[in-house]
Amino acid sequence: MLLAMLVACQPQPEAQASHEGAAHPATGHFAGTLAVPGHPALRAALEVRHPRPGHYDAELLVAAEPSLSFVADTFSFANNTLHLQRPGQPGETLTLLQQGDFWRGTLAVDSVAYPTLLLRRGPPEPAVYRVRRDEVAGPSGEALLFSPADESLPGAALALFPTPLAAANATGWADALARQGYTVLLLPAADSLPPLALTAALAYLRRTPGVDTARVGTWAVGPRATQLATLLAAPATPGPRPAFVVAQGAPAPTPATRQAWRTLGQHGPVLGVYEINGPATTSATNSLRAALGGRRGRVVRAQGPALATSVIDWLRGR
């Protein structure tokens, strides 16, 4: 089945917006359908906003399939055609032709096309969050910052370190967190986690407007989660330390890493998350739970959209 929400926005100055042909895209709240081959059509809504001169953003919501949630950093409009793209995912785009009060076109997810028809129903709904590209010091490189539109109340934030295998889902996790008011710094996918990448990401978030500096944590995936535990367990690790840790899909602790996990569990809240996919996951889940010691650590198993929901439910108690 299709994912559920697509948010496309261009709050960053480097994204390109073209307005050739028609002078400007139609703004407003557009409601209609998204056709899914072999399934009933899904109800969809598109918000096209013009928050300030020279700037547009858009958000497509498909509430019946919340797992498709992704954000695009490209908003272009030329020859009556609107083009939105998910950042880092060139195969996921929304292309719509403006026909009066209608938008008609296609949502493309890799090789699958979903015909889309939307009719203007009124003014656009307010934005929940923004996304922009930025450079993070150290080896991190260009990152994506997902931040709530309302920065008046400081809230929790986390740095998300995915692996290449998890990169396709990472923007969906960031979207789900941002919709609940969390600020997320999504770092480039990699298999390693150098100390400078960790300290630079945490320092970046502490400087970000709308972030409670006492509630800045991390989410690391796969082998990067093990490296994170090792870094944080070392007494000489420089720079700010995370207030909480989410470790997703970490390999089962070995004799060499078990003490690092135990130390991490003693010094701060830790959530271990595993996807439900077989006996190997069961073994890793039990091993990590034993290594954390059960005092300030918790290990859960989830699948698909429930994975981000499990993290959000746990964060509410931090």
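Everything below is about the structure shown above.
These remarks concern the structure in this document. What you see is a predicted model, and the numbers here were worked out from it, not measured in a lab.

## Some details on helix α3 (residues 223–233)
Stage number 1. Of the positions making up α3, those classed as buried are Arg224, Ala225, Thr226, Leu228, Ala229, Leu231 and Leu232.
Stage number 2. Contact partners of the buried residues in α3: β14 (155–161), α2 (195–206), β16 (211–221), β17 (245–248) and α4 (258–267).

## Remarks on helix α5 (residues 279–292)
Stage number 1. Relative to the 20 Å expected for 14 residues at 1.5 Å per residue, α5 spans 20 Å between its end C-alpha atoms, a close match to the ideal helical length.
Stage number 2. Where α5 is buried, its residues meet α4, β18 (270–275) and β19 (297–302).

## Here's the deal with the pairing of β17
Stage number 1. Burial along β17 is two-sided: Val245 and Ala247 and Val246 and Gln248, pointing in opposite directions, are all buried.
Stage number 2. Sheet topology places β16 next to β17; four bridges connect them, and they run parallel. Considered in β17, the bridge of Thr218 is made with Val245.
Stage number 3. The sheet contact formed by β17 and β18 spans four bridges and is parallel. Bridging from a neighbouring strand, Val245 pairs with Val270 of β18.
Stage number 4. Taking the sense of rotation as the criterion, the β-α-β connection linking β17, α4 and β18 turns out right-handed.

## A closer look at the pattern of salt bridges
Stage number 1. Here the structure, examined in full by the defined rule, presents seven salt bridges.
Stage number 2. Of the charged contacts in the structure, one is a salt bridge between Arg316 and Asp313, with a shortest N-O distance of 2.8 Å.
Stage number 3. Since its relative accessible area comes to 44%, Asp313 is described here as partly exposed.
Stage number 4. If you follow the salt bridges from partner to partner, you end up with Arg49, Asp57, Glu59, Asp175 and Arg179 in one network.

## A closer look at the sheet that holds β14
Stage number 1. With respect to topology, eight strands assemble into an open sheet ordered β12-β13-β15-β14-β16-β17-β18-β19, the strand pairing being mixed. Unpaired on one side and paired on the other, β12 (129–136) and β19 mark the two borders of the sheet. When the angles between neighbouring strand axes are averaged without regard to direction, this sheet yields 20°.
Stage number 2. Against the sheet, α5 engages β18 and β19, with an angle of about 165° to β19.
Stage number 3. Contacts from helix α6 (residues 305–315) reach β14, β16, β17, β18 and β19 within the one sheet, and its direction differs from that of β18 by about 165°.

## Examining the packing of aromatic side chains
Stage number 1. In this structure the tally under the stated criterion is six aromatic pairs.
Stage number 2. Ring centres 6.0 Å apart and planes at 65° place the aromatic pair Phe30 and Trp103 in the edge-to-face group. With Phe30 in strand β3 (residues 28–36) and Trp103 in strand β10 (residues 102–109), this pair connects stretches of sequence that are 73 residues apart. For the pair Phe30 and Trp103, one class covers both residues: buried.
Stage number 3. Consider the rings of Tyr56 and Phe75, whose centres lie 5.7 Å apart with planes at 15°: the pair is stacked. Of this pair, Tyr56 sits in strand β5 (residues 55–61) while Phe75 sits in strand β7 (residues 74–78), placing them 19 residues apart in sequence.
Stage number 4. Overall, Phe75 belongs to the buried group, its relative accessible area being 0%.

The rules we used
Counting starts from 1 at the beginning of each chain's written sequence and moves along it residue by residue. For a predicted model such as this one, the threshold for reporting local features is a pLDDT of at least 70, and the threshold for listing and counting side-chain atom pairs is 80 or more; totals across whole chains, interfaces and linings nevertheless cover every residue. The side-chain values count all of the structure's non-hydrogen atoms but skip hydrogen atoms and water molecules. The rule is simple: take the accessible area with a 1.4 Å probe, protein chains only, and divide by the maximum for that residue type; under 20% is buried, over 50% is exposed, in between is partly exposed. Per the convention used, a helix needs a DSSP run of H or I reaching at least four residues, while a strand needs a run of E reaching at least two, with both numbered from the N terminus. Any pair of residues with heavy atoms lying within 4.5 Å of one another is described as a contacting pair. To estimate the expected span of a helix, count its residues, drop one, and scale the result by 1.5 Å. Pairing between strands is defined by DSSP: at least two bridges between them are needed. Handedness of a crossover: with both strands directed away from the viewer, a clockwise path from the first strand across the helix to the second marks it as right-handed. What counts as a salt bridge is simple: a side-chain nitrogen of Lys or Arg found within 4 Å of a carboxyl oxygen of Asp or Glu. Here, axes are lines fitted to C-alpha atoms. For helices the fit covers the stretch in contact, and angles between N-to-C directions go from 0 to 180 degrees. Here the aromatic set is Phe, Tyr and Trp, taking the six-membered ring for Trp, and pairing holds for ring centres within 6.5 Å; pairs whose planes are under 30 degrees apart are stacked, those over 60 apart are edge-to-face, and all others are tilted.

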